[in-house]
Structure formats: C-alpha cells, structure tokens
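# Working through the structure, step by step
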Amino acid sequence: MPRTPPAPRIPATKYPVERFTLGNGLRVVLAPDRSAPVIGVAVVYDVGIRSEPEGRTGFAHLFEHLMFQGSQNLEKLAHFRYVQGSGGTFNGSTHLDYTDYFETMPANALERALFLEADRMRGPRLTEENLRNQVDVVKEEIRVNVLNRPYGGFPWLKLPPVMFDTFANAHDGYGSFVDLESATVAEAAEFFRDYYAAGNAVLAVAGDLDVNTATALVERHFATVPKRSAPVRPGFAEPPMQAERRAAYTDRLAPLPAVAAAWRVPDPIEDFAAYLPHVVLAEVLTDGDASRLVQRLVLRDRTVTSIGGYLGFMGEPFAVRDPTALVLQANLPPGGDVDKVLRTIDEEAERIATDGLTPGELARTQARMATHTLRDTDAVLGRALHLAVIEQQRGDASLVNDLPRLLGEVTEAEVVAAAGMLRPGRRAAVEVIAGGAR
Amino acid sequence: MSTAAEVFTGMPELGPNRKLALPKVVERTLPNGLTGIAIRRSAVPLVELRLRVPLGTTRRSEPFVARTTLLSQTLFSGTSKMSTMDIAAELQAVGGALNAGTDPDRLLISGNALGSGLDRILEILAEVLTDAAYPTTEVDTERDRLVDRIQIAQTQPAHLARVALLRRVYGTHPYAVQTPTPRQVRAVTPRSLRTLHAERLHPTGATLVIVGDVAPARALDAAEAALSGWNGGGKQAQLPATPPLRPGPLTLVDRPDAIQSSLRIALPAVERTHPDHAALQLANLVFGGYFSSRWVENIREDKGYTYGPHSYVEHSIAGSTLVATAEVATEVTAPALLETIYELGRMATRPPQEAELEQARQYALGTLQLGMATQSGLAGLASTYAGFGLRLDYLADHAVRLAAVTRDDIAEVAARYLAPAGSVTVVLGDAARVEPSLAALMPVERSVLPVDES
C-alpha cells in the first residue's frame, strides 16, 4: 500500500463580491476578476417548475423560450444576433426553483449585455405566432431529450412523482404536449406579470469589470425598469414519507435495467448545517473508483455497471430549495436484480452508520469536492450563475468563496449521521424495466 | 431578412475591441522525447493536465478499435504496486482524478487536481504509464461494463446516426469505425492490452499540457522529474489521408417507430492551416454554425421543425469534414431536408450580406477569447492544437485572417465546400414513413447498421 499523504489544505477563492439593491428591488452582484478579458452576465428569476399552475405543466420552461422572442424594442431573432454578433454566447434554463438567462461576452460588450437583460425584464414581445413556433420547438426538445431516446427523463422526471404528493413537487416539468399546446398568450402575459418583477430577480456580473463603471451601467439600464410587486414565494414543503415507496415503468427503448432511489434531506436553506453533510455523503458514496458504492456494487459485486449520486433532482446542491433529496442512480447489467442493488445500498449506508469512515476517506473526498467546486467557478459564466442563485436563495452571494471551506469542515460524525438517514423506510425508488432488451 | 439592428437605434455600442491576448506558453522537450507545454492561469488554485498520445493506424481495424477503447477503460485498473482503489484514492487525496479516452487519432488522458497536488498526480500518471498491469479480474469487469455501455449507445439515435455517417463518409479508412461492437470487445484479452500499451503508449510524439496555478517552469520540472522513467520504443503509425466525399443517393437507415429523424449531412472541409480555413469557418457560421445562422433561423425559429440544429467543421489528423446535424419530427423530415438543401444552395450561389459576415466574424473572434478564459479551456485548446503540430500563437494569426475575410471570399469557399451537389446525406428514422417523401427530393438507398447481438 502506498504512503498515505497528509490531508491537503482546502484552498479557497477570494473573488471580491459587491452587492446592492436598486429602487425597483433588483438585487445586483458584481464580482470583478481581471484574469481574462471576458464577462459572464446572469439574471435569475425566482420562479421555476414548482410554481407552474395546475394544468400548465411545462409552462415555466415554455415561458423561458418566449423571453428570447423579442421585446418592445427588439424584433424576434434580434437578441440572438446582438449577443453573438458581439462575440458572445447565450442561453437560458428552467429549474425547479429558478429560471436563469445568461450571456458570456468579451468584456467590451458589458453594456450591451446589460441593455439586453434590462430590455426583456421590461417585458417580452408575446405574440400568437411566436408562441406557436416555440411550442413546436419545445416539443422537439422533449422528443430529443425524453421521448426518442432510452432513459429519457430518468430519473429527474420519473422520481419526483414517486416521492412527492403535491402537484408542485411531483409534476413533469417538461410538460405534457396537451398542456403545452393549450397555453395562451394571455397566460404568458400573466406569468410575466406575476413572477418577472425586478424585485423577484437577481443580476450578477462576473469577470473583467470595474466596479464603479459597472455599477453606473447597471443603474443606467436597470434603474428605469418599473417597480412591480414581487410575489410572495409559497412554501412547497411536504410531510416526510411514512413508508418506503416503489414504482416501475417500462422504457421501450432501454436495453438494460436501471434504478434510482432518493431520500429526503434537511432543508438546504433553513437548515444548511444539517444539509451539508448529505452533500458530502453523496460523494463518499459515489465519487470515483475509491468511493463506497462504486467499490462495492461496480467493482466487487458487479451488480451495477455505473452509479452516481447527487443532491437535488437536477444535481445542483446549492441551487435547490426544500423539499429535495439525495439521489442515487444506477445502470444494471442484463437481467440485473434491482432489489438486490437496493438492499446492498441499504447495507453500505448501514455500514457507514455503524462503523464510520476509514482513515483518510473523508479528507480525500473533501479534497476532490474542493476541486469540483473551484473548477465550476473558473468560468465567468459558472461564477455569475452561482453568485446570482446563491444571492437569491441564501441572501449573500459571497458564500461562493466559502463553500470549499464549509464542505471541508463537515465532520465524520456528521457524515455518519447522514448515512443513518438512508433507511429503506425513507426511500422512494423507481425502476426502469428494459423494454428494448434484445 | 432585416435585422432589428437596422430599426432600433438605442443599442449601446461595443467598447473598443481588444487585441487577442495570448497567454505565455513555456515549452520543453523532455529527455525521453515527450513535449511538455505549460501555461499559467491562477484564477483558481487548481491544475489541469492533458496527455495526448498518437494512436492512428494505417488501415481500418475493428479489433484495434476494440482494444484501444478497452485500454482507455482499464489503464487505471492497477499496477504492480497499486490497485484500482489505491490509484483512485491517492488521486482523490490531492483533489485529483484522471480519465482516458480514445478516438482514431489519439489516446487522451485528462485530469485535474488541487494546485498543491501537481507532483503527486504526475507521479501516479507516470506509474500508470510505465507499469499498468491490466489485471484479469479488473479487465473482465471493465469489459462487461463497456459492452453494456455500447448496447445502450446502440439504442441512442445520435450515436446510430453518427455510426452510419462515418461508414458512409470514410468507407475503408480507419475513421469509418470509431465504436467497437460488443462481440469485438469480448475478444480483447489482458495480454493484448499489455501488448498494445507497450507498442503505442510511449513519449515520442506525445504532448503533455499543464495549465494552472503553478509557474510553468516548475510545472515542467515536475513533469520531467515524474515522467523521466517513461520510455520505450514501440511503433508510430501514419494515418492515410481521408478519401474525398462521394456524393450519391441519400443513405436511409431504418429505426422503426422513431418519432424523430436524425438528419446528418457531410460536406468537404479543409485543415486549420489551409488558406480557405478562415473563410470556410465564417461561411459555416453564416450557414448553420451558430444560433444566429440562416439554417437555425429557418428550420427552428421560423418553421419549428427542430430544437437544436447545428453545423460544425470536424478536424481530424487525416482530414477535415463539415457536418450538419438536426433531429427533426418524423412528419417534417423531407421538408426539413428541403430547407437544408435550399440554405446550402443559397450559400453556394449568392454572397452573404455584409451584416451577416460581420456578425459571424465578431462571433468567431469573441469566442476565441471565451475559449481561453478557463484553465480547462486553455488546456484543451493547447492539447488539441499540439496534436496537429500547432501552438496557441496560431490563434493570433488566425484572428488576423478572420479579420480579413470578405464577402467574395465567403462566396468562393461556399461554392467550393457548401454546395449541396457535393454533400453526403444520411437519415436515421422510421423508413416506412419518411422514405416516400425523401425520395421525392433525391434518390434514396436503404442501409443497415452492423449491430451485433450480445
């Protein structure tokens, strides 16, 4: 056995973080970093899949598409052309608890990016023609990502309805074609009015900027966005499950079985200290060939061919609110036994809960997590998005600099206690039956 | 189409364009023949590693593809001193990980770690390169896992469409087959992996790129110290040049009950050092290479046929190809192909608008800067270019060439490379439903993929 080196010191970033709020309620985060002549601009609205009205599954995502279809000032297609014609890239994405819009640009396009985001914050150009076109585009997106491929939507669309009972938490966030097709322009206008107020958004800019100049530009373009009342975010809490839940479905394209299992975890925001050990536990279980479940299930028992673990159904431990879960997902070999895999996971969780961790196991996991966390912030866009979401959900973007250290301070006793929560009675699991097996 | 830029006057001007700033690159040929390239980027306290080892072959060989693919999955499965677990745990202890992947040009080992872990990750890399054991049990496990992954890939339309396109474009060239079948993988033995490793994984012709929060000279010293024992003779193989495209009937591959068709179109292209390259890059952008292109604006934003159509130039050592890809609803397969042919034909017969060229040029220049703004981006660029005998300073010259491209240049290269008459088209979809209407556009030939049962 080679030498066991001492645990490395967990390093940190020291991005300066400037925060202020405009008169219309828009919260702003600026994080200067002159190491490359580029900027990342992110606007995050505090509305996501969980806020969709019943009968309108997929609406938050459809609406995200409509935010790219022009505004009072700009024709359809103009947004894309301005961003890319300035040397930048753009996108948006819809999550359970938020929707983001973003650009990465050469630093000389900062003001243009701010203009474009402020412009659509005043209101998208909602037309019947654009709505119908984007319903078609979204249906093709769902076909590519869910319907025309094996394991589509597994497990992020398949597990929540097993674990949760309320529409908000359980429904399909991509949406049914029936719901998408019946969406109206009037509903889009209402959705904008209800959720897209400046006071319901955070703007973050990271990268090659001067704070004074950027502050003046932000004020120039966003201060005149009219103030509207921001909605009060409802709680989506659900009581804990009373017993194990299991479901199974046949995927006509999948050649091999798969399974995903989830356990509720403490509130990521209100009970952050109790939540963090679960984030570490997911990595102890599944990060790389030295992790518990890869060792046991993949390399020793060979009962799964791959296994992964993460927090939140979209794998974003620090961009999700309560209720959420620790999720494990595994692919099985031909004829694989899902019950056996679940039993082995129970056994391994129990083993950690009873015997604790091995020497060095926690420190090496935390070192690797530090690398992952730091690496995600190297790109200005990843940094801007991270800052914006953390500011929105946790009220202080500067937490970004502390995350590697906080993850490094999680103790063995805390991880062991978290492992003790992965009991079968608290588990929701969904099995993919291989309908495409030959 | 008129752009809003012509009617709306309130758009803030761009600040002055900054000259492309290239990072300082330090290069050293190590005594064993390995080329070391180091770049400092200190924004986060990490290091990125890319080791690229040439892996070309002189002729098409499926068993070779099976061996190289399985080798990349078992390279870290143990040495005479360390187990899989030891290797993974020791890497993790310095915040690190290493992975390997192959394509017909090279083996690429990628990794990263905390900056303080550079020496250790290099030591482990060296140990694996000089002493990988390919233990029977571990190879058995990884072989089964690889077979399962290939079976899953064989149900994914994007994968199947690529397999069909490669076969059609490359024929008997080594690039024609890039994924082995399960049966070919099952035939690979630990001994054959050890032989392949001994023959092909040596430092001559290989490039190690280190980017991160470390002084370049120190990074290269560490590489030299760790990797000096990596040596050995072995072979190099020269890839044959890729064959010219052979336009002809559309190749239709049946995927019964598919609810979308996968449309793939290959067109000729040139290598990065060719005089036409900059103009072709911009012509491709105007056609379908980014969101604000004619093709995307037509078949997505106007017609709603598809979600993510995209075209790109794929550069490989032996030749370059332009590929256009779209997943379209089954019922609009032929209309989508018709619009595609129309947009290619329009490119090939009429020069673009000045505004279209400028927009594409700004995008190409801007994304050069974005690509170099992270440790992993820099490492990937430096490694890829090194594989083609280029260095990052190539980008400065390329930026100058992009700046000089005219509408006439675009028209000329588009006529040469984007003409639909020179294209090869492959469609994967529900043949019974799409064949009649496709056949109205061009001759269609059915083809079957070699998918072996387990």
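Residues numbered from 1 in each chain as written. Chains lettered and ligands numbered in written order. Predicted model: local features only at pLDDT ≥ 70, side-chain atom pairs only at ≥ 80, totals over all residues. Heavy atoms only, no water.

### Considerations on the packing of aromatic side chains
By the definition in use, this model includes 23 aromatic pairs over all chains. Centre to centre, the rings of B:Phe287 and B:Trp295 are 5.3 Å apart; their planes meet at 20 degrees, and the pair counts as stacked. Both residues of the pair, B:Phe287 and B:Trp295, belong to the buried class. On the basis of an interplanar angle of 80 degrees and a centroid distance of 5.4 Å, the ring pair of B:Tyr385 and B:Tyr394 is categorised as edge-to-face. Taken as a pair, B:Tyr385 and B:Tyr394 share a single burial class, namely buried. Among the aromatic side chains, those forming a connected cluster through ring pairs are A:Tyr45, A:Phe59, A:Phe63, A:Phe68, A:Phe80, A:Phe90, A:Tyr101, A:Phe191, A:Phe192, A:Tyr195, A:Tyr196 and B:Phe291. One cation-aromatic arrangement involves A:Arg120 over A:Phe68; the distance from NZ or CZ to the ring centre is 4.5 Å. (Phe/Tyr/Trp six-rings, centres within 6.5 Å; stacked < 30°, edge-to-face > 60°. Buried < 20%, exposed > 50% of the residue type's maximum accessible area, 1.4 Å probe, protein only. Lys NZ or Arg CZ within 6 Å of the ring centre and 35° of its normal.)

### Overview of the domain arrangement of chain A
Accessible area lost during the coming together of the parts is what is often quoted as the interface size. Residues and elements named next belong to chain A. Taken domain by domain, chain A consists of domain 1 (18–222) and domain 2 (245–434). Across the contact, 46 residues belong to domain 1 and 48 residues belong to domain 2. Together domain 1 and domain 2 conceal approximately 3800 Å² of surface at their shared face, both sides included; 67% is due to carbon and sulfur atoms. When the buried area of domain 1 at its contact with domain 2 is split by residue, Tyr 151, Phe 154 and Met 163 rank highest and sum to 19% of it. Counting across the domain 1 and domain 2 interface gives 5 salt bridges. Notably, a salt bridge pairs Asp 33 with Arg 383, separated by 2.9 Å at the nearest N-O pair. The tally of links between domain 1 and domain 2 comes to 16 residue pairs in polar contact (both at pLDDT 80 or more). Listing elements by their share of the side of domain 1 that touches domain 2, those giving two or more residues are strand S2 (27–32), strand S3 (38–45), strand S5 (99–106), helix H5 (160–163) and strand S6 (201–207). Considering every element that reaches the side of domain 1 that touches domain 2, the biggest residue donor is S3, with 7 residues. Partitioning the side of domain 1 that touches domain 2 into residue classes produces 26 nonpolar, 9 polar and 11 charged. (Domains from an automatic or database assignment. Contact = heavy atoms within 4.5 Å. Buried area = accessible area lost by both parts, 1.4 Å probe. Salt bridge = Lys/Arg side-chain N within 4 Å of Asp/Glu carboxyl O. Polar contact = N/O pair within 3.5 Å; in protein donor to acceptor, adjacent residues only side chain to side chain. Helix = DSSP H or I, 4+ residues; strand = E, 2+ residues; numbered from the N terminus. Nonpolar A, V, L, I, M, F, W, Y, C, P; charged D, E, K, R; others polar.)

### Thoughts on the pattern of salt bridges
Here the structure, examined in full by the defined rule, presents 57 salt bridges over all chains. For A:Arg81, the salt bridge identified is with B:Glu297, shortest N-O distance 2.6 Å. One end of the pair, A:Arg81, is in helix H2 (residues 78–84); the other, B:Glu297, is in helix H10 (residues 294–302), on a second chain. In this structure, the salt-bridge partner of A:Arg296 is A:Glu347, at a minimum N-O distance of 3.1 Å.

### Re helix H8 (residues 216–227) of chain B
Two residues of an α-helix separated by three or four positions point the same way, owing to the 3.6 residues in each turn. Residues and elements named next belong to chain B. The terminal C-alpha atoms of H8 lie 16 Å apart, and with 12 residues this matches the ideal 16 Å at 1.5 Å per residue to within 8%. Looking at H8, one finds that the buried residues are Pro 216, Ala 219, Leu 220, Ala 222, Ala 223, Ala 226 and Leu 227. The buried residues of H8 occupy one face: seen down the axis, they fall within an arc of 155 degrees. Looking at the buried residues of H8, the elements they touch are strand S1 (25–29), strand S2 (35–40), helix H3 (118–131) and strand S6 (207–212). (Expected span 1.5 Å × (residues − 1). Arc of directions from axis to C-beta.)

### Some remarks on empty space enclosed by the protein
Residue and element names in this part refer to chain B. Tallied over the entire structure, the rule returns 9 cavities of 30 Å³ or more. Taken together, 13 residues make up the lining of the largest cavity; nearest its centre are Phe 64, Val 65, Thr 68, Asp 103 and Pro 104. It is helix H1 (residues 62–74) that contributes the most residues to the lining of the largest cavity, 4 residues altogether. Partitioning the lining of the largest cavity into residue classes produces 6 nonpolar, 6 polar and 1 charged. (1 Å grid on protein atoms, 1.4 Å probe; cavity = no way out; pocket = protein on both sides within 12 Å on 5 of 7 lines; lining within 4 Å. Points joined across faces, edges and corners; volume = space filled by probe spheres on them.)

### Side note on the pairing of strand S11 (residues 427–434) of chain A
Residue and element names in this part refer to chain A. The element S11 is extensively covered by neighbouring structure, given that 6 of its 8 residues are classed as buried. Of the strand pairs in this sheet, strand S7 (residues 245–251) and S11 are connected by 7 bridges, and their pairing is parallel. Looking at the pairing, Thr 250 lines up with Ile 433 of S11. As paired strands, strand S8 (residues 258–264) and S11 are joined by 6 bridges and run antiparallel to one another. Its bridge partner being in S11, Val 259 is matched across the sheet by Glu 431. (Pairing = 2+ DSSP bridges.)

### Some words on the environment of A:Glu52
Residues and elements named next belong to chain A. Within the element layout of this structure, Glu 52 appears in the loop between S3 and helix H1 (59–66). When the C-alpha atoms of Glu 52 and Leu 422 are compared, they prove to be 30 Å apart, with 370 residues separating the residues in sequence. If we ignore the near neighbours within four places in the chain, the residues touching Glu 52 are Thr 57, Gly 58, Phe 59, Ala 60, His 61, Phe 167, His 171 and Gly 173.

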